[in-house]
Every structure is written in structure tokens, then in C-alpha cells.
Amino acid sequence: MCSSDLAHPRRAPVTSKMQTESDLGKTEAALVAARRENLAALRSRGRDPFAQTRFEADATAAELTERYSFLVPGQNADSEAWSVAGRVMSKRTMGKTIFADLTDRTGRVQLYVRKDEVGEEAFADWNHVERGDVAGVRGYMFRSKMGELTLHVTRAEILSKSLMPLPDKWHGLQDVEKRYRQRYVDLIVNPEVRDTMI
């Protein structure tokens, strides 16, 4: 080992910010392309999510949470049906069942969508729903075995597709400059900011 190696130890190559942004741009472009493919698939089935002009919602997530807080795990209130609209913030598919989190201006409600309840076509539409899409649902409330208040969906419509991906759900929107330049994204993903603004 020569003395110059001691004076200037080798360092791992530093990736430039420009290279990182370029990789991020490629990833984002791939996500946007996948979302556009899902939109094209919906349109090919005759379900244009941008054609829907109105959805009558008769409840909010907070109202349903407050009204049905008395339900115990396994209990349902299937005698009363409610319509809610909001943004799908997560989706978990388990065979012929989908669990999703729907967020409106007042809070969040979990959705339970079953293929035999909503029908084959509506369930197939839900395969193309992604984080950020806007949906309108109708159903009754129940408390799941895990203790979560849930809306058992009997009718569902995709009201709008989100073609741009939302920031990572675990880390959120952390870039301060992006938060100020794209305030609408900040209001979507950060409920505390939305509460402050409203």
C-alpha cells in the first residue's frame, strides 16, 4: 500500500442527484404507463371513469364511524344502506374478496368488496383500481373479526382514475419543495395538513 492510498482512501462512488432523479423519472414513467393501461382496459370494457358526472353520497366516513361505533366484532347493520365517495388509498386483494381503504374529507373507512355481492363486471373493474383513484360505493356497515368498522359494498363505481402515482404511503411526501409546488398532493396524502387548511 503506498502512502498516497493512506492520504486519499478510496471512497464508494457517489451517485449524482441528477442520476437519481433520472432513475426516479423512469420509475414514475413506468407507473404512469401502467395506470394508463388500466384506464385503457376499463375503457375497452365500456367503463370510462371520466364519463361519470355525479355520485350521490349520503354519508361521510366520520359519520359512519361515529354512528356505528357500538357494533361488536361479527355484528352488522345490514338493514341500513349508505353511499360514500372518496379516494382509494390502499387495496388488498384476496381471491374473490377485496379490502380497500377509502378516504374522504372527514376520514377513512375500510371497504369489503365481494365478487358475488357486486357482480362479476364491477368486481373486474376493481382489479384496475389503484391507489389514488376516486370511487363511489354503497353498502352496509359491519365490524370485522379484527374489530375494524367496515362498509360491506353492494354497489361500486369508479368515478375517476388517478394517472399520476401518489407518494409512497409509508414515507409520505417529505420533499418540502414538492409539498409547496404540488399542494394538492400534500393535501391528499397528509391528513394533518388537510385539517389545518380546512
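Our structure is the block above this text.
In what follows, the accompanying structure is described. (Residues numbered from 1 in each chain as written. Predicted model: local features only at pLDDT ≥ 70, side-chain atom pairs only at ≥ 80, totals over all residues. Heavy atoms only, no water.)

**As for the sheet that holds strand 3 (residues 108-114)**
The five strands lie next to each other as 1-2-3-5-4, forming a closed barrel whose pairing is mixed. On average, each strand axis in the sheet is inclined to that of its neighbour by 55°, with strand direction left out of account. With seven bridges connecting them, strand 2 (residues 97-103) and strand 3 associate as antiparallel partners. Looking at the pairing, Ala 100 lines up with Leu 111 of strand 3. (Pairing = 2+ DSSP bridges. Helix = DSSP H or I, 4+ residues; strand = E, 2+ residues; numbered from the N terminus. Axes fitted to C-alpha atoms, helices over the stretch in contact; angles between N-to-C directions.)

**Remarks on the packing of aromatic side chains**
Evaluated as defined, the whole model comprises three aromatic pairs. Ring geometry for Tyr 68 against Phe 70: centres 6.2 Å apart, planes inclined by 40°, an arrangement best described as tilted. On the basis of relative accessible area, Tyr 68 is assigned to the buried category, the value being 1%. Residue Phe 70 is classed as exposed on the basis of its relative accessible area of 52%. With a centroid separation of 5.2 Å and 45° between ring planes, the pair formed by Phe 99 and Tyr 112 is classed as tilted. With a gap of 13 residues between them, Phe 99 in strand 2 and Tyr 112 in strand 3 connect regions that are remote in the sequence. Across the pair, exposure class does not vary: Phe 99 and Tyr 112 are buried alike. One aromatic cluster is present, formed by Phe 99, Tyr 112 and Phe 142 through successive ring pairs. (Phe/Tyr/Trp six-rings, centres within 6.5 Å; stacked < 30°, edge-to-face > 60°. Buried < 20%, exposed > 50% of the residue type's maximum accessible area, 1.4 Å probe, protein only.)

**Things to note about the pairing of strand 3**
Within strand 3, five of the seven residues are buried, leaving the element largely enclosed by the surrounding structure. Remark: four residues form the turn of the hairpin made by strand 2 and strand 3, two consecutive strands paired antiparallel; Gly 107 in that turn has positive phi of roughly 160°. As paired strands, strand 3 and strand 5 (residues 149-160) are joined by four bridges and run parallel to one another. Bridge pairing in strand 5 places Leu 111 opposite Leu 151.

**Focus on the environment of Gly 119**
Mapped onto the elements of the fold, Gly 119 is located in the loop between helix 4 (115-118) and helix 5 (120-126). Along the chain, Gly 119 and Arg 155 lie 36 residues apart, while their C-alpha atoms are 8.5 Å from each other.

**Notes on the side chain of Ser 162**
As for its placement among the helices and strands, Ser 162 is situated in the loop between strand 5 and helix 6 (176-181). Taking relative accessible area as the criterion, Ser 162 reaches 12% and is therefore assigned buried. Residues contacting Ser 162, with those up to four places away along its chain left out, are Arg 35, Gly 132 and Asp 133. (Contact = heavy atoms within 4.5 Å.)

From the geometry alone we can't say anything about function, so treat these as descriptive.
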